[in-house]
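Single-letter residue listing:
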Amino acid sequence: MTKARTARERASRRSDVEVPALGPLGLLRWAWRQLTKMSTALVLLLLLAIAAVPGSLFPQRVQDPDEVASYIQANPTMGPWLDRLQLFDVYSSYWFSAIYLLLFISLVGCVIPRALQHFRAWRSKPPRTPQRISRLPQYRKVMLGGRDGAAGPTPDEAIERAAAALKKRGYRVQPQDLGSAAPSVAAERGMLKEVGNIIFHVALLAVLISVAVGSLFGYKGQKVVVEGESFVNTLVDYDSFTPGTNFDADWLNPFSVQLNSFEATFSRDTSDPEHYGQPTDFNADVTLTDKPGATPQDVHLAVNKPLNVNGTKVYLVGNGYAPVVRVKDGAGHVAYEGPVVTVPSDSVYTSSMTLKVPDAGPDQLGFVGLLLPTAVSKDGEIPKSVDPGLNNPALILSSFTGDLGLDSGQPQNVYVLDTQHLKELNSMTSSNGPVLLDGQHRKVELPEHKGSVEFLDVKRYVGLDVHSDPGRIPAFISFLAAFAGLIMSLFIARRRAWVRATEAEDANGVRCTVLEYGLLARGEDHRLGVEAEKLTALWTSLWEDRGVRDYHLKSSDEA
Amino acid sequence: MGSDINVTLGNWSEWFMLLAAMTYMVVFVAFVWDMASHSKTLGMQEAARARRRNASAQDASADGARELVGAGAAHAGASGGAGSSVAASSGTASAGGTTTDTGVSGEFRTSADRSTRGAGEFEALNYSHSARRPAARVAVMLMVIAFALHAFAVVSRGVAADRVPWANMYEFCSTGALVVAGVYLVTLVFKDLRFVGPMVSGLVLIMLCLATIAFPTPVSPLQPALQSYWLIIHVSIAVAASGIFTITFAMAVLQLLQSRREKRLALGEESRMGFLRAVPSSVTLENFAFRLNSVGFVFWTFTLAAGAIWADQAWGRFWGWDTKEVWTFVVWTVYAAYMHARVTRGWNGNRSAWLAIAGYMCVVFNFTVVNTLFPGLHSYSGL
Ligand code: HEM
């Protein structure tokens, strides 16, 4: 299969032997030639595969920055070194980037000359018939004429009909030497194979560029929305926002989404205890306003069904419960009233809750604890949730009072209450026990007349991810092109055929025409022999009435 | 997709899976038996020929040369068909070009004889009717039965769970094994690939054992994240690609062994691996494996892209270097290197076989270790 070599490869073989020319320009040229060799591309591909592996062994910042931080903490000696080697940012590391950039430079250096060469080949005619067709990998010879004394076609006539038949088979043809003693036709097919190869490689480059565009000009953001509330796509309304390197906040399209209701369905199949209570469906009913002033539409949002608002996509990525509470301070004023977003921590939606009430006076209040959707308590034990459904919701809270430290200007995590400088009022361990609220006990007074907590309702919330990636569609189109090119390049056969006709006489003295033909494939082609047989069948069908015979080689044809 | 689970049918499915595994075991034994007996027959024929050759005091070296030429015949296209006695005179095989008198055959061709048999289309892999291989027949027949049992087990599991049967490790393994067996049986219709039978049936057996012993999972409904038609598209093509890669892996291993044997024989040494007599030449293996791998590579490319599209819909980004994505990418790159190796001087032959083996190792790693041990968004293994 190494027989058919491309011109490029022949050129690179020469460079193997050549001593690199002296001088910086010569060296550069030499380096370029090395880089654009097929074997370099191959090694770079293997290197890329190997270099990608550490990204699956170490936590990655693109995936989970917190996990990286805790990994480094857990491995204080190795961690920083691994970090210095960029093993937590493999896919944006210098070494990974170097490999794929070299690969793509190599690709450009490889594909452009090939494309030019192919363009020239496309414009030019099929190459001249070689002197010795018999040297080709597939070679056949038949004699036309002689059946019942019928004469064969003249060589010119034979070549013209053969050329027409080859053209019908998809070959482009070039008859040659018509009128001479040995006219011939040169034919070639499968020019699209190389086109496919070039499209494939260029499209891969386009995929890479599209991805780069996406990471420069896209953004992603997160927002938690409670039932009844809404979200407007502006910078201030996000809980967290990650812009692309060159993103401008003015590009945000201020659409709005209101969550009307959210429904989670859980497996209720008692015959399958192992999966009982597993979620089977999440569905959110939302009202979408495309842009300010547009008519609102009611739409569904589900896990695999994002909203698409003019290219910006809104995904349902999380959900949970938001108990509605009312907190009154020591003075009897309502210091907080509304839903509190809780974070589910297990499969029965035991959710941790943190509430900071800076408006409480004279002392600020803080609460941490759990929401249990279906609380069941055994005697003497703390209640536990046994089901993710909302059957007997209960809150178990510890309460604190003091300065929450919110005025210091330091940004705080809303899901964490720093209790170090606070005074504990209630807790699991304190003598008065935790604040326990459920369907029967709607309201609890805090000790020391600090106020009261009231459990009003439980709402659901959803976590939304908003993504805009301008490279998505171009990447997709590039992929389609690459895929089509790949299929063309792998499954189209590129072949050349030459047919020559000469006059002869058979054993009975009838004037016949000898048709010699040979085939050559570009690269390896195990069906070349089949094609040769098909051509034989083709000639047979053309000249069957005059007689078509196999013509065995004369000794003079050898050598 | 609802969650109507039919437990009885699920149990039936598991019984049939066991039954299929046991049948595959017998298939494996029969294939091994066939390899042993067939290669012995071939060895005896070879020895007899050698004796005859010595007796007639012909120069054996010419014959030896022809045999070597025959090894390259797959693409050189030496003719062997009975009807079309076209003299083969390709570049390599011109030694075989017999010198005869000017067209005296007098046999006119007719358009009826369109036979393209023996025209070089991997003729070394065509069935030859001279050799009788009863053990192989039994093996293939039993394999069809095992496939039917296996197919029933997989389909009934799908029906029992009311969804496609590829959503956890048990199902990946059992459905994957079904696809391997299916791809193999289909190629058997066209080509005599019985020589990979021991390896393919062995691998199928291992996959079924893995499914039933290492990853037993009762029938269960789908998590919301998996409820998408992309599960059907993405995973089915991935499993099909893996099935193809399994067979080409077996061929790559045989290719390496065969090329070692060829080298030894060329040096006039004895080879201890006599069973390889029943296996085609390393060049034929390489070329045929390449055709299959091209299809596998196209499938894998599709898997990669379909996964990206699905990820885009489910998680809002089409590529996030999740562990599973990393390994799918690694597999793709290794096979891309393999595709290049085939046209790179110095990288075809044994090296390309090693690349195919490395690629398959990555496929296996991706399906087993990554699915079970690595955390990631794809942790749907059901374990
Ligand atoms: C991003 C990296 C690359 C990938 C994934 C890739 C992939 C492939 C694949 C799968 C094929 C086989 C299918 C076909 O014929 O189209 C192929 C063929 C080819 N590649 Fe690449 N390639 C890459 C880079 C390169 C580079 C850098 C070069 C040049 C040095 C190159 C040169 C070629 C050539 C010449 C062929 C055609 C071989 C033939 O004539 O059959 N490729 N490539």
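Conventions and cut-offs
- Residues numbered from 1 in each chain as written.
- Chains lettered and ligands numbered in written order.
- Predicted model: local features only at pLDDT ≥ 70, side-chain atom pairs only at ≥ 80, totals over all residues.
- Heavy atoms only, no water.
- Helix = DSSP H or I, 4+ residues; strand = E, 2+ residues; numbered from the N terminus.
- Contact = heavy atoms within 4.5 Å.
- Areas by Shrake-Rupley, 256 points an atom, 1.4 Å probe, with all protein chains shown as cover.
- Rg over C-alpha atoms; globule rule 2.2 N^0.38 Å.
- pLDDT = per-residue confidence, 0-100.
- Buried < 20%, exposed > 50% of the residue type's maximum accessible area, 1.4 Å probe, protein only.
- Patch = residues over 30% accessible without salt bridge, like charges linked within 9 Å, V, L, I, M, F, W, Y side chains within 5 Å.
- Salt bridge = Lys/Arg side-chain N within 4 Å of Asp/Glu carboxyl O.
- Axes fitted to C-alpha atoms, helices over the stretch in contact; angles between N-to-C directions.
- Left-handed = near helix turned anticlockwise from the far one by under 90°.
- Nonpolar A, V, L, I, M, F, W, Y, C, P; charged D, E, K, R; others polar.
- Pairing = 2+ DSSP bridges.
- Domains from an automatic or database assignment.
- Donors = N, O, S within 2.8 Å, 3.2 Å for Na, K, Ca; no water.
- Tetrahedral: all angles 85-135°; square planar, octahedral: opposite > 155°, others 65-115°.
- UniProt positions renumbered as here; feature names shortened; annotations may be inferred.
- Near = heavy atom within 4 Å.
- Polar contact = N/O pair within 3.5 Å; in protein donor to acceptor, adjacent residues only side chain to side chain.
- Core = buried A, V, L, I, M, F, W, Y, C linked by side-chain atoms within 4.5 Å.

Draft legend 1. Expanded view of the overall build of chain B. Of regular secondary structure, chain B possesses 11 helices and 0 strands. Starting at the N terminus and walking to the C terminus, you meet the elements of chain B as α-α-α-α-α-α-α-α-α-α-α. In chain B, the share of contacts with a sequence separation of at least 24, taken over all contacts with a separation of at least 6, comes to 81%. Working note: accessible area of chain B is about 16,500 Å², and carbon and sulfur atoms make up 65% of it.

Draft legend 2. Looking closely at the overall build of chain A. Helix and strand content of chain A: 11 helices and 25 strands. For a compact globule of 559 residues, the expected C-alpha radius of gyration is about 24 Å, and chain A comes in at 39 Å, more than 25% above that figure. Over its C-alpha atoms, taken along the principal directions, chain A stretches across nearly 130 × 65 × 50 Å. Considering only residue pairs separated by 6 or more positions, chain A has 64% of its internal contacts joining residues 24 or more positions apart.

Draft legend 3. The confidence of the model for chain B, seen in detail. Residue and element names in this part refer to chain B. Overall, the prediction assigns chain B a mean pLDDT of 76, with 75% of residues at 70 or greater. Looking over chain B, one finds the lowest element-wise mean pLDDT in helix H3 (residues 73-76), namely 37, and the highest in helix H9 (residues 323-341), namely 93. Low pLDDT, under 50, characterises residues 60-106; the stretch is placed with 76 contacts to residues that sit more than four places away or in other chains. Note that residues 376-383 has pLDDT below 50 and, in this model, 21 contacts with residues that lie over four places away or in other chains. In the model output, the complex is listed with pTM 0.77 alongside ipTM 0.76.

Draft legend 4. Quick peek at unusual backbone geometry. Residues and elements named next belong to chain A. Positive phi outside glycine occurs at Glu 448, with the angle close to 60°. Locating Glu 448 in the fold gives a position in the loop between strand S21 (443-445) and strand S22 (451-468). At His 449, a residue that is not glycine, the phi angle is positive and equals roughly 55°. By relative accessible area, His 449 is classed as exposed at 75%.

Draft legend 5. Local environment of a nonpolar patch on the surface. All names here are of chain B. A cluster of nonpolar side chains, Trp 12, Trp 15, Leu 18, Leu 19, Met 22 and Phe 152, forms an exposed patch at the surface whose accessible area comes to about 680 Å². The element best represented in the nonpolar patch is helix H1 (residues 7-55), accounting for 5 residues. Summarising the element assignment, Phe 152 is placed in helix H4 (residues 134-161).

Draft legend 6. A look at the packing of helix H7 (residues 229-266) of chain B against helix H10 (residues 350-367) of chain B. All names here are of chain B. The interhelical angle for the contact between H7 and H10, taken along N-to-C directions, is 145°, at an axis separation of 9 Å. Both H7 and H10 take part in a crossing whose hand is left-handed. When H7 is examined against H10, the residues Val 239, Ser 242, Phe 245, Thr 246, Phe 249, Ala 252, Val 253, Gln 255, Leu 256, Ser 259 and Lys 263 are found in contact with a partner set consisting of Asn 350, Ala 353, Trp 354, Ala 356, Ile 357, Tyr 360, Met 361, Val 363 and Phe 367. In terms of residue class, the contact of H7 with H10 is made up of 14 nonpolar, 5 polar and 1 charged.

Draft legend 7. View of the pairing of strand S1 (residues 138-144) of chain A. Residue and element names in this part refer to chain A. Within S1, 7 of the 7 residues are buried, leaving the element largely enclosed by the surrounding structure. Alternating residues of S1 divide into Gln 138, Arg 140, Val 142 and Leu 144 and Tyr 139, Lys 141 and Met 143, and every residue in both groups is buried. Bridge count for S1 against strand S25 (residues 548-550) is 3 bridges, and the pairing is antiparallel. Bridge pairing in S25 links Val 142 to Asp 550.

Draft legend 8. Highlighting the domain arrangement of chain A. By the assigned domains, chain A splits into domain 1 (22-121), domain 2 (125-190 + 493-558) and domain 3 (219-468). Using C-alpha coordinates to define each centre, domain 1 of chain A is positioned 51 Å away from domain 2 of chain A.

Draft legend 9. Main features of the packing of H4(B) against helix H5 (residues 169-190) of chain B. All names here are of chain B. Between H4 and H5, the shortest axis-to-axis distance is 10 Å and the interhelical angle comes to 145°. Regarding H4 and H5, the two cross each other, and that crossing is left-handed. Contacts between H4 and H5 pair Val 140, Met 143, Val 144, Phe 147, His 150, Ala 151, Val 154 and Arg 157 from the former with Tyr 170, Glu 171, Ser 174, Thr 175, Ala 177, Leu 178, Ala 181, Gly 182, Tyr 184, Leu 185 and Leu 188 from the latter.

Draft legend 10. Representation of the coordination of the iron atom of the ligand within the structure. For the iron atom of the ligand, the protein coordination sphere consists of A:His201 (NE2) and B:His340 (NE2), at 1.9 to 2.0 Å. Given 6 donor atoms and angles of 75 to 179° at the metal, the environment of the iron atom of the ligand is assigned as octahedral. Highlighted residues: A:His201 in helix H9 (residues 191-217) and B:His340 in helix H9, drawn from two different chains.

Draft legend 11. Layout of the UniProt feature "transmembrane region" (unreviewed entry) in chain A. Residue and element names in this part refer to chain A. Under the present numbering, the feature "transmembrane region" (unreviewed entry) in UniProt falls on residues 38-58, 94-116, 198-219 and 473-493. Within the segment residues 38-58, helix and strand shares are 90% and 0% respectively, and the terminal C-alpha atoms sit 32 Å apart. Helix makes up 100% of residues 94-116 and strand 0%, with an end-to-end C-alpha separation of 33 Å.

Draft legend 12. Spatial organisation of the site of the ligand. Within the structure, the ligand sits among 24 residues, and A:Cys110, A:Arg114, A:His201, A:Ser489 and B:His340 are positioned closest to it. More than one chain lines the surroundings of the ligand; the residues nearby belong to chains A and B. A distance of 2.9 Å separates an oxygen atom of the ligand from a polar atom in the side chain of A:Asn197. Interatomic distance of 2.8 Å between a side-chain N/O atom of A:His201 and a nitrogen atom of the ligand. For the shell around the ligand, the secondary-structure elements that each account for two or more residues are helix H3 (38-52), helix H7 (94-123), H9 and helix H10 (472-491) of chain A together with H9 of chain B.

Draft legend 13. Quick peek at the sheet that holds strand S5 (residues 230-232) of chain A. All names here are of chain A. Ordered in space as S5-S7-S8-S9, the 4 strands form an open sheet in which the pairing is antiparallel. Of all the strands in the sheet, just S5 and strand S9 (297-302) have a single pairing partner and so form its edges. Neighbour to neighbour, the strand axes of the sheet diverge by 30° on average, direction disregarded. As paired elements, strand S7 (residues 256-266) and strand S8 (residues 279-289) share 10 bridges and run antiparallel to each other.

Draft legend 14. Region of the structure containing the nonpolar core. In this structure, A:Phe96, B:Val330 and B:Leu355 are the most contacted members of the largest nonpolar core, which totals 65 residues. With residues near it in sequence (within four places) discarded, B:Leu355 still touches A:Leu42, A:Leu46, B:Val334, B:Ala337, B:Tyr338, B:Ala341 and B:Trp347. Counting 60 residues, the second-largest nonpolar core is a separate cluster that includes B:Phe31, B:Met143, B:Tyr170 and B:Val196.

Draft legend 15. Spotlight on the sheet that holds S1(A). Residues and elements named next belong to chain A. Reading across from one edge, S2-S3-S23-S24-S1-S25 is the order of the 6 strands in this open sheet, with antiparallel pairing throughout. Two strands close off the open sheet at either side, each with one partner strand: strand S2 (172-176) and S25. Recorded for the sheet is a direction-independent mean angle of 25° between the axes of neighbouring strands.

Draft legend 16. Region of the structure containing the pairing of strand S3 (residues 184-189) of chain A. Residue and element names in this part refer to chain A. Of all 6 residues in S3, 5 are buried, a share of seventy percent or more. The pairing of S2 with S3 spans 5 bridges and is classified as antiparallel. The partner of Val 173 across the bridge, within S3, is Ala 187. When S3 meets strand S23 (residues 495-505), the two strands line up antiparallel, connected through 6 bridges. Its bridge partner lying in S23, Ala 187 is registered against Ala 497.

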